[in-house]
Amino acid sequence: FPSHDTGFKAVLSGLALGLLLPAGTGDVAGRIIYLQKKTEGIGAGVLSGIIQTVITLSFGYGSLLFMVQKFNLSNTLEIYLLFGIPIIALVSIILWSNLSKIILKQNQRWQQVLLAMLSLSKKQWFRLIGIGMIRHFVFILQFALLFYWADVQLPFSDTLAVINSIFLAKTIIPALNFVSDLGIRELSAIYFMRHYEVDINQVITATFSLCAIVTGK
């Protein structure tokens, strides 16, 4: 593992390049710049993205279930997502499994990347999942505090459900750059807040402030 100083620089570089390059490629590219072993760095970046995606989808899916049951929703986007996400996940796993076999046979570099990912011990796996969970909770806490600061008053459970649903939408909807990412976050917040009697301007203020804080880091 790299030193804390190197890891800190790598994360900041990833955040900076992530604003310029699409589909999360900037995050991975920025992180491996500071790593001596580039292959292991790519593997760690890919694995980190997979873990974070699974965590976000899991919490987001549970939040959609909560909102559907609470508001007795039918024939809405939430319902379609509840049925669509498991299907898309299953298809993605099948396609990735078949595609990876083809790529691994033809590309030695990706063989090394996969080997680096599979060589992790159980302790390292639990550590990565734990770090991913902590990262997710930190973003939720930031968002919740900004809602409170913007005077967006919701019950605690509803606040968590809305925030996780926003993160879910941000994960499954592709963003080309920072501007489109900001638009997805804002529109998602407005959509999921439609169930509550809140001032949309305050919601937009909170979501925009979160983007400014993350970017400022």
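Since we're looking at a predicted model, the values are computed, not measured.

> Is there a simple way to explain the pattern of salt bridges in this structure?
If charged atoms from side chains of opposite charge come close, those side chains can pair. Counted by the stated rule, this structure contains two salt bridges. Across the pair Asp 158 and Lys 70 runs a salt bridge, and its minimum N-O distance is 2.6 Å. Residue Asp 158 is located in helix α7 (residues 156-172), and its partner Lys 70 is located in helix α3 (residues 38-71); the two are separated by 88 residues in the primary sequence. For Lys 70, a relative accessible area of 44% puts it in the partly exposed group. A salt bridge links Arg 194 to Glu 78, with the nearest nitrogen and oxygen atoms 3.0 Å apart. One end of the pair, Arg 194, is in the loop between α8 (178-192) and α9 (200-216); the other, Glu 78, is in helix α4 (residues 77-106), with 116 residues separating them in the sequence.

> I would appreciate a short explanation of the packing of aromatic side chains in the present structure.
Within a pair of aromatic rings, the relevant descriptors are the distance that separates the centres and the angle that separates the planes. Counting across every chain of the model gives six aromatic pairs. Between Phe 59 and Phe 137 the ring centres are 5.6 Å apart and the planes differ by 80 degrees, which places this aromatic pair in the edge-to-face class. Note that Phe 59 is positioned in helix α3 and Phe 137 in helix α6 (residues 122-149), a separation of 78 residues in sequence. Phe 137 sits in the partly exposed class, given a relative accessible area of 41%. An aromatic cluster is defined as three or more aromatic residues linked by ring pairs; in this entry it consists of Phe 139, Phe 143, Phe 147 and Phe 167. Its guanidinium or amino end placed over the ring of Tyr 191, Arg 194 lies 3.9 Å from that ring's centre, counting from NZ or CZ.

> Looking at this structure, I do not really get the environment of Ile 55. What am I missing?
Structurally, Ile 55 can be placed in helix α3. Along the primary structure Ile 55 and Gly 132 are separated by 77 residues, whereas in three dimensions their C-alpha atoms are 7.4 Å apart. Leave out the neighbours within four places in its chain, and Ile 55 touches Ile 129, Gly 132, Met 133 and His 136.

Parameters and conventions
- Residues numbered from 1 in each chain as written.
- Predicted model: local features only at pLDDT ≥ 70, side-chain atom pairs only at ≥ 80, totals over all residues.
- Heavy atoms only, no water.
- Salt bridge = Lys/Arg side-chain N within 4 Å of Asp/Glu carboxyl O.
- Helix = DSSP H or I, 4+ residues; strand = E, 2+ residues; numbered from the N terminus.
- Buried < 20%, exposed > 50% of the residue type's maximum accessible area, 1.4 Å probe, protein only.
- Phe/Tyr/Trp six-rings, centres within 6.5 Å; stacked < 30°, edge-to-face > 60°.
- Lys NZ or Arg CZ within 6 Å of the ring centre and 35° of its normal.
- Contact = heavy atoms within 4.5 Å.

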